[in-house]
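# A look at the structure
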Amino acid sequence: MNDRRLVIAGTGSGVGKTTLTIGIMAALQKKGFTVQGFKCGPDYIDPTYHTAVTGRVSRNLDSWMFEHDTVREILNKANAGADISIIEGVMGFFDGKSPLANTGSTAEISIITQSPVLLVVNCASMARSAAAIVKGFQDFSTGPNIIGVIANQVGSVGHYKIVKSAIEQECDVPVLGYMKREMDIDIPSRHLGLIPAIERGELNPFFDKLAQLVMETIDIDQLYRLSKTNPVSSGNSNIFQPKNESDVCIAVAKDAAFNFYYQENLELLEAYGANIKYFSPLKGEEVPLDADGLYLGGGFPEEFAAELSGNVDAIKSIRTSIEKGMPTLAECGGFMFLSKSIETTSGETHQMAGMIPGRIKMQKKLAALGYREITGTSGNFLINEMEQAKGHEFHYSTFEADADLTHAYQAKGRFGSKQEGCVLGNLVAGYTHFHFASNPTLAKNWIDACLKQKNRSAHETIN
């Protein structure tokens, strides 16, 4: 277990946290260190970059979705074998679930994990005022440990020296370096083409260039020294300990169209005895023959709607599996794929699997975003009416049902509660992304449902 951690926090969204985080990770890698990435909050895109740079699966740390000991357990489990953990923040340092508390914020994660904080400040068009910003962040809350600053968007070396001297005099923390405003470097493939681009190695030159830029203007050796901290205990949290062995195989759709999965969800299924087997609907692959359960995660099926629509055999195998009663969870992109059709923003309509009586319509503006408190319903194999879990929603599409549906769960967000998704036999589908670490019982429920269905099928075969 390494005792080196660093939170890369921003004064607000858009200050360059992700670009800087990737650059620091890549620079540390070039210096021969093994780096473990983390991301605060619910996010699938940024961890994909971390994973591509470090070669280790990046994890989400979320102090609203799961218990604080669980946050520390995920941290300790993932950073085994790494020299340093780099934790990318979310939004502004103190931004979280509520404007009145630190809950779910990067600041709270830094406190829970006892991690030193490197504050990224957009210094464009200011000099001494940058020190006032840093001072404000230092004084706002006594819990976080801000150990250094990165000046971003500086106009010149001269500008940087002015900002550095002001911050170091007034705030008593070192400024470790800067990133220039005119760097001519933007993160490519911010979403849609990300997975294929990474698989083809197209982003490697970008990572190399970014590492070089970071090493030229940021003191990585000092950064590494300042990341030294104490180990943290996860108390009695041991949700990933193997609970039992069960002969259950869960097929997981994994490709450019379906790739939004929390690694912890898969690991919790494994802890309860599942064998995970991946397949690609986009490549026309069918559900593995030995599958007992099916997981269709989020992603961008709308971007590959034409290809998916043409993979008749793959669609047939998914339909057949669900119709036979295979316990299936379809989240967001998976839910969209199981509908009758997807209409793209350009007005093209592509037929989908047709399991769910309704149609998906893409739009250019965000349809839903935010945390969700989820309460299940009767008949839902994953989460019943007595159980709760947490997750989030993020999508640009709307669903228009052709008929009355049996809703899968009640989803409570910032603007109230709504009935969401649908249950069709052993299919649970909807827009909400579950995080099983918020309630590991969901993983157990899924395995139990698979075993029950497997025994039922075996009994029917005998008779």
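It should be emphasised that the depicted structure is a prediction, and the values quoted were computed from it without experimental measurement. (Residues numbered from 1 in each chain as written. Predicted model: local features only at pLDDT ≥ 70, side-chain atom pairs only at ≥ 80, totals over all residues. Heavy atoms only, no water.)

## Considerations on the packing of helix α5 (residues 129–140) against helix α6 (residues 157–171)
So the rule is basically this: Lines are fitted to the C-alpha atoms to define the axes, a helix being fitted only along its stretch in contact, and any angle between axes, read from their N-to-C directions, falls within 0 to 180 degrees. To qualify as a helix, a DSSP run of H or I must reach at least 4 residues; to qualify as a strand, a run of E must reach at least 2; elements of each kind are numbered from the N terminus. Crossing handedness is read from the near helix: turned anticlockwise from the far helix by less than a right angle, it gives a left-handed crossing, and turned clockwise, a right-handed one. By definition, residues are in contact when any of their heavy atoms lie within 4.5 Å. Amino acid classes used here: Ala, Val, Leu, Ile, Met, Phe, Trp, Tyr, Cys and Pro are nonpolar; Asp, Glu, Lys and Arg are charged; the rest, including Gly, are polar.
At a minimum axis distance of 8 Å, the contact between α5 and α6 shows a crossing angle of 35°. The handedness of the crossing between α5 and α6 is right-handed. Here Ala-130, Ala-131, Val-134, Lys-135 and Gln-138 of α5 come into contact with α6, specifically with Val-163, Ala-166, Ile-167, Glu-170 and Cys-171. Its residues assigned to classes, the contact of α5 with α6 shows seven nonpolar, one polar and two charged.

## Some thoughts on the layout of surface pockets
Filter applied, for reference: The method works on a 1 Å grid over the protein atoms by themselves. A cavity is a set of points holding a 1.4 Å probe that cannot get out, a pocket is an open set with protein on both sides within 12 Å along at least five of seven lines, and residues with an atom within 4 Å of a point line them. Grid points are joined across faces, edges and corners, and a volume is the space filled by probe spheres set on the points.
Empty space within the second largest pocket amounts to approximately 630 Å³. Around the second largest pocket, the lining is made up of 26 residues, and of these Thr-48, Thr-51, Ile-195, Lys-254 and Asn-259 lie nearest the centre. Contributing elements (two or more residues each) for the lining of the second largest pocket: α2 (45–54), β3 (59–61), α7 (194–199) and α10 (263–271). Looking at the lining of the second largest pocket residue by residue, the class counts come to 12 nonpolar, seven polar and seven charged.

## Section: the pattern of salt bridges
Going by this rule: Throughout this description, the term salt bridge denotes a Lys or Arg side-chain nitrogen within 4 Å of a carboxyl oxygen of Asp or Glu. We call a residue buried when its accessible area falls under 20% of the maximum for its residue type, exposed when it is over 50%, and partly exposed in between, using a 1.4 Å probe and counting protein chains only.
According to the stated counting rule, one finds 19 salt bridges in the structure shown. Note that Lys-30 is salt-bridged to Asp-208, the shortest N-O span being 3.5 Å. In this pair, Lys-30 is assigned in helix α1 (residues 17–30) and Asp-208 in helix α8 (residues 204–217), connecting sequence segments 178 residues apart. The class of Asp-208 is partly exposed, set by a relative accessible area of 41%. A salt bridge links Glu-168 to Lys-164; its shortest N-O distance comes to 2.8 Å. Here Glu-168 and its partner Lys-164 are both found in helix α6, four residues apart, which amounts to about one turn of the helix. Taking the relative accessible area as the measure of exposure, Glu-168 reaches 29% and is therefore partly exposed.

## With respect to the nonpolar core
Definition in use: Definition used in this section: a nonpolar core is a set of buried Ala, Val, Leu, Ile, Met, Phe, Trp, Tyr and Cys residues joined via side-chain atoms within 4.5 Å.
Judged by nonpolar contacts, the single largest core of 150 residues is most densely connected at Ile-250 and Leu-338. The leading source of residues in this core is α1, at seven residues. In this view, Ile-250 contacts Leu-269, Ala-274, Asn-275, Ile-276, Lys-277, Gly-293, Leu-294, Tyr-295, Trp-446, Ile-447 and Cys-450; residues no more than four positions away in its chain are not counted.

## Re the side chain of Arg-59
Inclusion rule: Polar contacts, as used here, are pairs of N or O atoms within 3.5 Å; protein pairs need one atom able to donate a hydrogen and one able to accept it. Residues neighboring in sequence count only if both atoms are side-chain atoms.
Summarising the element assignment, Arg-59 is placed in strand β3. Here Val-57 takes part through its backbone oxygen, which lies 3.5 Å from a polar atom of the side chain of Arg-59.

## Details of the packing of α1 against α8
This is how it is decided: For classification purposes, an angle smaller than 35 degrees is called roughly parallel, one larger than 145 roughly antiparallel, one from 65 to 115 roughly perpendicular, and anything else oblique.
Two numbers describe how α1 lies on α8: the axes approach to 8 Å, and their chain directions differ by 85°. When the interaxial angle is binned, α1 and α8 end up roughly perpendicular. Seen from α1, the contacting residues are Thr-19, Ile-22, Gly-23, Ile-24, Ala-26, Ala-27 and Lys-30; seen from α8, they are Phe-207, Asp-208, Leu-210, Ala-211, Val-214 and Met-215. Looking at the contact of α1 with α8 residue by residue, the class counts come to nine nonpolar, two polar and two charged.

## Observations regarding the side chain of Asn-311
Looking at the element boundaries, Asn-311 is found in the loop between α11 (305–310) and α12 (312–323). Setting aside anything within four residues of it in sequence, one finds Asn-311 in contact with Pro-281, Leu-282, Lys-283 and Gly-284.

## What about the sheet that holds strand β19 (residues 397–401)?
Counted only if it meets this: Strand pairing requires that DSSP identify at least two bridges connecting the strands.
Sheet architecture is open: four strands sit in the order β15-β14-β16-β19, paired in mixed fashion. Each edge of the open sheet carries a strand with a single partner, namely β15 (349–351) and β19. Each adjacent strand pair in this sheet contributes to an overall mean axis angle of 20°, direction not counted. Bridge count between strand β16 (residues 356–362) and β19: five bridges; the pairing is antiparallel. Looking at the pairing, Ile-360 lines up with Phe-399 of β19.

## Thoughts on the UniProt feature "site: Increases nucleophilicity of active site Cys" (unreviewed entry) in the protein
The condition is simple: UniProt positions are given in the numbering used here, feature names are shortened, and annotations may be inferred rather than shown by experiment.
Using the residue numbers shown here, the UniProt feature "site: Increases nucleophilicity of active site Cys" (unreviewed entry) corresponds to His-433. Among the structural elements, His-433 can be located in strand β24 (residues 433–435). Judged by its relative accessible area of 2%, His-433 falls in the buried class. With residues up to four places along the chain from it excluded, the contact list for His-433 reads Tyr-44, Phe-260, Gly-298, Glu-331, Cys-332, Lys-390, Gly-391 and His-392. One polar contact links His-433 to Tyr-44, side chain to side chain, over a distance of 3.3 Å.

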